[in-house]
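Observations on the three-dimensional arrangement
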Amino acid sequence: MKKILVASTNPEILDTVKSVCQKYSTYFDPIFCPDTDEALSFIDYELPELKLIDFSSEDIDSSRILSAIHADPWLHNGGIIAVVPSPAKMQQIEDMKDPNILIVQTVYTFKQNFERLIRILWGNQRFLFNRGLQDRVGGQENGTFVCGNDPMDIRLYTSFLVNYLFCSNRISDDGRYALQTTLMELLTNALEHGNCNISYDEKSDWLMQGKNILDLINEKRSLPTIAKRVIQIHYSIGKEKSSFTIKDEGDGFDWRSRLSADPSEEVHGRGINLSNSLVSELKYNEKGNEVSFEIENQTNASNNIPGIMVPFKTITFQPRQIVCKQNEPSNDLYFIVSGKYGVYADGKLISVLTPNDMFIGEMAFLLNDRRSATIMSAGEGKLIRIPKVSFLNLIRKNPHYGIFLSKLLAQRVVRQNNKTVEQAEEIKKLKQELEAKN
């Protein structure tokens, strides 16, 4: 069951959340916080993946809550549903381009869409509820989202992919901006010009009259011939590269002329040129209703540093430089910022650590034991060294960090136990097959 922070005092919001979550009580548990300090305390100690922040409640300091989340992105990331009192405030929040915000809704549209939103979030939970994901990232991952003709769907599926790649350290902050911008631009084109058949001139005329493009989209997508159309988003996420394909069910368009057009002379339609500058291998099919592109994944680098560790010095290690030696006293904990590190026990390489493992020497550090292995940098890398006394003092001042780190270690133990059980089952099965042959 996933907890949802509900920072609101608006009766309309509260009634909507209660009503919908009763239908999904097996999956979601809403925690209502009518006070800003109470909401901040819940965020620190419970680390909810979903946070509903209501900007329409005047007695909730929504900006303060957002600032607290931004202050430590390593601890708090993603999953914000923002509810606003007006379309003008909605535009203001969306213009922030905050990657932590999944969706922005007015009070009216929230009441209409919250149940569908919850259903979509649960159906795609592995892309959102990925706390501690870093140390279980595997190889190639392929899949497809089927997106309806609703701008809310576009924002959600874009957030899923961007958040997933960022939390698994495959893209940096710059990469997050590039991917989010490209997906939003190309998906918007697929919706407007593809499925909704809005021509360039029609959109230009509409905007020149000072009208909102969302109204034209809603008008078009209500037509029977368009209502059933969908947009497919295929993704292939690898270790070195990730690729994406977007396909609509429209008639296509003259993409060559749009790519060759001078963006400075356009009323709109700059998205294709912008996307082409942000990613690699951007290409359309002949018809113009399918576009694909690639991004290069970053490797052996951490996106965020825990807030409590920022004051400590970052140490650069050269290739084959020793970080710590087997049987040494464990006086320091290391946070992995970048690089790869060999783990040697009795002179034999037994493991390799990367930023996905987060820490070096945490078990010996916490158990007050000597180092069980020698750690050596494979290439150039960076670590943050935290002396034991300083770390313990920080935990006393920030006990919620201690709880989170304990949860991470517990997750690792559970996963290691599961791996051990799986290996035992494989060995048992292999023995049975060998005995059957004999």
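Structure's up top.
Predicted model, so just to flag it, every value in this text is computed and none were measured.

Calculation notes
- Residues numbered from 1 in each chain as written.
- Predicted model: local features only at pLDDT ≥ 70, side-chain atom pairs only at ≥ 80, totals over all residues.
- Heavy atoms only, no water.
- Pairing = 2+ DSSP bridges.
- Helix = DSSP H or I, 4+ residues; strand = E, 2+ residues; numbered from the N terminus.
- Axes fitted to C-alpha atoms, helices over the stretch in contact; angles between N-to-C directions.
- Buried < 20%, exposed > 50% of the residue type's maximum accessible area, 1.4 Å probe, protein only.
- Polar contact = N/O pair within 3.5 Å; in protein donor to acceptor, adjacent residues only side chain to side chain.
- Contact = heavy atoms within 4.5 Å.
- Salt bridge = Lys/Arg side-chain N within 4 Å of Asp/Glu carboxyl O.
- Disulfide = S-S within 2.5 Å.
- Arc of directions from axis to C-beta.
- Phe/Tyr/Trp six-rings, centres within 6.5 Å; stacked < 30°, edge-to-face > 60°.
- Lys NZ or Arg CZ within 6 Å of the ring centre and 35° of its normal.

Read from one edge of the open sheet, four strands run β12-β17-β14-β15, paired in antiparallel fashion. Each edge of the sheet is formed by a strand with only one pairing partner; in this case those strands are β12 (322-324) and β15 (348-353). Across this sheet, the average inter-strand angle for adjacent strands is 30 degrees, counted without regard to direction. When strand β14 (residues 341-345) meets β15, the two strands line up antiparallel, connected through five bridges. Residue pairing for β15: Y341 is matched across the bridge by L353.

What follows concerns the pairing of strand β7 (residues 231-237). The buried fraction of β7 is high, at five of seven residues. Summarising the sheet, strand β6 (residues 141-147) and β7 pair through seven bridges and their orientation is antiparallel. Residue G143 lies in a different strand from β7, and its bridge partner there is Y235. As paired elements, β7 and strand β8 (residues 241-247) share six bridges and run antiparallel to each other. Its bridge partner lying in β8, I237 is registered against S242. In this antiparallel pair of consecutive strands, β7 and β8, the connection spans three residues.

Attention now goes to the side chain of S159. Examined against the element boundaries, S159 turns out to sit in helix α7 (residues 151-167). A polar contact is formed between the side chain of S159 and the backbone oxygen of R155, at a distance of 2.9 Å. Setting aside anything within four residues of it in sequence, one finds S159 in contact with I101 and L102.

Our focus in this paragraph is the pattern of salt bridges. Taken as a whole, this structure holds 14 salt bridges when the rule is applied. Of the charged contacts in the structure, one is a salt bridge between D37 and R64, with a shortest N-O distance of 2.6 Å. Of the two residues, D37 sits in helix α2 (residues 36-46) while R64 sits in helix α3 (residues 62-71), which places them 27 residues apart along the sequence. With a relative accessible area of 45%, D37 lands in the partly exposed category. A relative accessible area of 40% means that R64 is categorised as partly exposed. In this structure, the salt-bridge partner of K220 is E202, at a minimum N-O distance of 3.0 Å. With K220 in helix α10 (residues 213-221) and E202 in helix α9 (residues 200-208), this pair connects stretches of sequence that are 18 residues apart. Residue K220 is classed as buried on the basis of its relative accessible area, which comes to 15%. What emerges from the salt-bridge pattern is a single network uniting R116, D150, D153 and R221.

Let's shift gears to the state of the cysteines. Enumeration over the complete set of coordinates arrives at zero disulfides. Here C147 is not disulfide-linked; the sulfur of C196 is the nearest cysteine sulfur, at 11 Å. Assessed through its relative accessible area of 0%, C147 is described here as buried.

Right, let's talk about α10 for a bit. Within the sequence span of α10, burial applies to I213, L216, I217 and K220. For α10, the arc enclosing every buried residue in end-on projection is 100 degrees, short of the 170-degree limit, so these residues lie on one face. Looking at the packing, one finds that the buried side of α10 touches α8 (173-195), α9 and α11 (224-227). Sitting at the amino-terminal end of α10 is N212, which places a side-chain oxygen 2.9 Å from the backbone nitrogen of L214.

For any pair of aromatic rings, geometry is given as the distance between the ring centres together with the angle between the planes. One pass over the full model with this rule turns up 11 aromatic pairs. Measuring from ring centre to ring centre gives 5.6 Å for F28 and W122, while their planes differ by 75 degrees; the resulting arrangement is edge-to-face. Of this pair, F28 sits in strand β2 (residues 28-32) while W122 is found in helix α5 (residues 107-123), placing the two residues 94 residues apart along the sequence. Its relative accessible area of 2% is what places F28 among the buried residues. Judged by centre distance (5.6 Å) and plane angle (70 degrees), the ring pair of F335 and F359 falls under edge-to-face. Remark: F359 occurs in strand β16 (residues 359-360) and F335 occurs in strand β13 (residues 332-338); sequence separation between them is 24 residues. Here the two residues F335 and F359 agree in accessibility, since each one is buried. Among the aromatic residues, those joined into a ring-pair cluster are Y24, Y27, F28 and W122. For the cation-ring pair, K18 lies above F32, with the distance from its terminal atom to the ring centre recorded as 5.5 Å. For R176, the ring lying beneath its charged end belongs to F166, and the centroid distance is 3.8 Å.

A word on the sheet that holds strand β11 (residues 314-317). On the basis of which strands lie adjacent, the open sheet formed by four strands has the order β11-β18-β13-β16 and antiparallel pairing. Pairing within the sheet leaves two strands with one partner each, and these edge strands are β11 and β16. Pairing geometry for β11 and strand β18 (residues 381-387), over four bridges, is antiparallel. Looking at β18, one finds that F317 is bridged to G381. Across the face of the sheet, helix α15 (residues 388-397) comes into contact with β13 and β18 while running at roughly 75 degrees to β18.

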